[in-house]
Amino acid sequence: MTIRHHLSNPLLMAYAAGNLSEAFGLVVATHISLCDECRARLETFEAVGGAVVDSADTVAMADGSLESVLARLGPQDAAPAPRKRGFFPAPLADYVGGDLAAVHWRPLGMGVRQAILPTARGASARLLYIPAGQAVPDHGHRGTELTLVLQGAFRDESDRFGVGDVEIATEDLEHTPVAEAGMDCICLAATDAPLRFRAMLPRLLQPIFRI
Amino acid sequence: MGMLLDATPLRPIYGPAPVAPVITGSNAFDWVKRQALVSGGTETDWASLMLAVRDKQDRNAFAQLFRHFAPRVKAFLMKAGSDAATAEECAQDVMATLWQKSHLYDPARASVATWVFTIARNRRIDMARKARRPEPEAVLWGPDEEPDQADVYQADQETKRLSAALADLPEKQRALIKRAFYGDLSHSEIAAETGLPLGTIKSRIRLALDRLRQKMT
Ligand SMILES: [Zn+2]
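Parameters and conventions
- Residues numbered from 1 in each chain as written.
- Chains lettered and ligands numbered in written order.
- Predicted model: local features only at pLDDT ≥ 70, side-chain atom pairs only at ≥ 80, totals over all residues.
- Heavy atoms only, no water.
- Salt bridge = Lys/Arg side-chain N within 4 Å of Asp/Glu carboxyl O.
- Buried < 20%, exposed > 50% of the residue type's maximum accessible area, 1.4 Å probe, protein only.
- Helix = DSSP H or I, 4+ residues; strand = E, 2+ residues; numbered from the N terminus.
- Pairing = 2+ DSSP bridges.
- Donors = N, O, S within 2.8 Å, 3.2 Å for Na, K, Ca; no water.
- Tetrahedral: all angles 85-135°; square planar, octahedral: opposite > 155°, others 65-115°.
- Axes fitted to C-alpha atoms, helices over the stretch in contact; angles between N-to-C directions.
- Core = buried A, V, L, I, M, F, W, Y, C linked by side-chain atoms within 4.5 Å.
- Contact = heavy atoms within 4.5 Å.

Undergrad: Looking at this structure, I do not really get the pattern of salt bridges. What am I missing?
TA: Oppositely charged side chains may form a pair once their charged atoms are brought near each other. All chains considered together, the criterion is met by 14 salt bridges over all chains. Among the charged side chains, a salt-bridge network with shared partners connects Glu43(A), Asp106(B) and Arg109(B).

So this is what it looks like as structure tokens:
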């Protein structure tokens, strides 16, 4: 798997800061499970967060605070055994409640199926199943849409997206994704409310990257 | 406009850096040591204390970490909008989590400060809303893959370097970046000229990637 389309820095930074919607966070966490490059960038943003805490002011803890925490320290958790990777990376498997067989698909017509995943309001996430050679119907989306390919590949006017790739499509992008011939395409897609997304990301981005 | 803003984010990171002088490699190490001397006195070795907590259930080490980090976490949570009582309670929870989940501490990939930040961030998300936070699959080091000592201390040094980079920024920019990490954006104002030195970030990303690749081989 060669990933060509990665997460943007605004997405990674918002996720590192804990300011990304749950649906977008799911796409980010799933991609990072597949992509070391984005994991390295995420860890770097988290390191900036660490520097913020490190250089933060202090507010004195209450009297007896340390003693009360020491008193409640119990046995430490054991390291979990590594999970066996199924079709879905772990964060996505958690939302599906199992692997591919556990997905509750709903038909959208022309063989296309979708399954809405339970996330907090304000943004939504769904799995899409697109038969090989088939176009994604009714592909209007408000705001920004993130699409992560899990199986197969799709093409649209902008490029080709294979397994692990993320397409970040803004509202302006008029596109008609078509699944490549040869293999049915399975994607994780998330759409955020336009106002919220637009208001948030530029603000997050600018402080770090405006030079 | 920063190069990292590019839509294809990875390529520019490895490209030539058209930015102010960058401190990297052994220079950076020397520089950090010098800073430590300048700031007067011995630097506490948080990584070793955290490893003592993780591997030896050392309560004295925990107490030292608590005295340093708990007041910072409390301040962090109050900046993020908590009242003092809630922040006190949550800071205690964060420190208790640091003990309980110490197996997740990976000194080669995160400084103690960074690790504390991620715990506090997650606690803040729990506090603020009912949404879950999807977490990436963990990268687990096998028993034979313990990172070497140099890597262990480098993560803490990186935090010092990033802290120094933050400290060097004009106050307005620094305040903005901090507020981004407090999750307090509704009140943030964007100054046009804010930014972290790209070089500091870029070298950190390269190191992180190297470590992940070591893990994969
Ligand atoms: Zn990536």
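Don't stop here, the text continues.
Undergrad: Quick question: what am I supposed to make of the pairing of strand S9 (residues 185-192) of chain A here?
TA: The side chains of a regular strand alternate between both faces of the sheet. All names here are of chain A. Judged by how many residues are buried, S9 sits mostly within the fold: eight of eight residues are covered. Taking every second residue as pointing to the same face, both faces of S9 are buried, with Cys185, Cys187, Ala189 and Thr191 on one and Ile186, Leu188, Ala190 and Asp192 on the other. The pairing of strand S3 (residues 123-130) with S9 spans eight bridges and is classified as antiparallel. Within S9, the residue paired with arginine 126 across the bridge is alanine 189. Bridge count between strand S4 (residues 145-151) and S9: six bridges; the pairing is antiparallel. When the bridges of S9 are listed, leucine 148 appears paired with leucine 188.

Undergrad: Would you mind showing me how to read the coordination of the zinc ion here?
TA: Where a metal carries four tetrahedral donors, each ideal angle is 109.5 degrees; where it carries six octahedral donors, the ideal angles are 90 or 180 degrees. Residue and element names in this part refer to chain A. For the zinc ion, the protein coordination sphere consists of His6 (ND1), His31 (NE2), Cys35 (SG) and Cys38 (SG), at 2.1 to 2.3 Å. Geometry at the zinc ion is tetrahedral, judged from its four donor atoms and the angles of 95 to 129 degrees they form at the metal. In the primary sequence, the donor residues of the zinc ion line up as H-x24-H-x3-C-x2-C.

Undergrad: Explain the sheet that holds strand S2 (residues 112-117) of chain A to me, please; I cannot follow it from the model alone.
TA: Across a sheet, strands are paired by hydrogen bonds formed along the backbone, either parallel or antiparallel in direction. Residue and element names in this part refer to chain A. Overall, antiparallel pairing links the six strands, which are arranged S1-S2-S3-S9-S4-S7 in an open sheet. The open sheet has two edge strands, strand S1 (106-109) and strand S7 (166-169), and neither has a second partner. Strand-to-strand, the axes of this sheet are offset by a mean angle of 25 degrees, without reference to chain direction. By the bridge criterion, four bridges tie S4 to S7 in an arrangement that is antiparallel. By the bridge assignment for S7, threonine 147 is matched with glutamate 167.

Undergrad: I'm lost on the nonpolar core in this one. Help?
TA: One finds Leu92(A), Leu127(A), Leu188(A), Phe62(B), Leu65(B) and Leu98(B) to be the most contacted residues of the largest nonpolar core, which totals 91 residues. With ten residues, helix H4 (residues 59-79) of chain B is the single largest residue contributor to this core. Among residues more than four places away in sequence, those in contact with Leu92(A) are Leu26(A), Thr30(A), Leu117(A), Leu127(A), Leu150(A) and Leu188(A). Among the nonpolar cores identified, the runner-up in size contains eleven residues, and Val112(A), Ala179(A), Cys185(A) and Ala189(A) belong to it.

Undergrad: Help me understand the sheet that holds strand S8 (residues 178-179) of chain A in this model?
TA: Residue and element names in this part refer to chain A. Read across the sheet, three strands follow the order S6-S5-S8 without closing on themselves; strand pairing throughout is antiparallel. The open sheet has two edge strands, strand S6 (160-161) and S8, and neither has a second partner. Direction of pairing for strand S5 (residues 154-155) relative to S8: antiparallel, over a ladder of two bridges. Directly across from phenylalanine 154, in S8, lies its bridge partner alanine 179.

Undergrad: Would you mind showing me how to read unusual backbone geometry here?
TA: Residues apart from glycine generally show negative phi values, whereas peptide bonds are mostly found in trans. A positive phi angle, close to 60 degrees, is found at Met110(A), a residue other than glycine. Take Met110(A): it is sitting in the loop between S1 and S2. Overall, Met110(A) belongs to the exposed group, its relative accessible area being 63%. Here Gln57(B), not a glycine, exhibits a phi torsion of approximately 50 degrees, which is positive.

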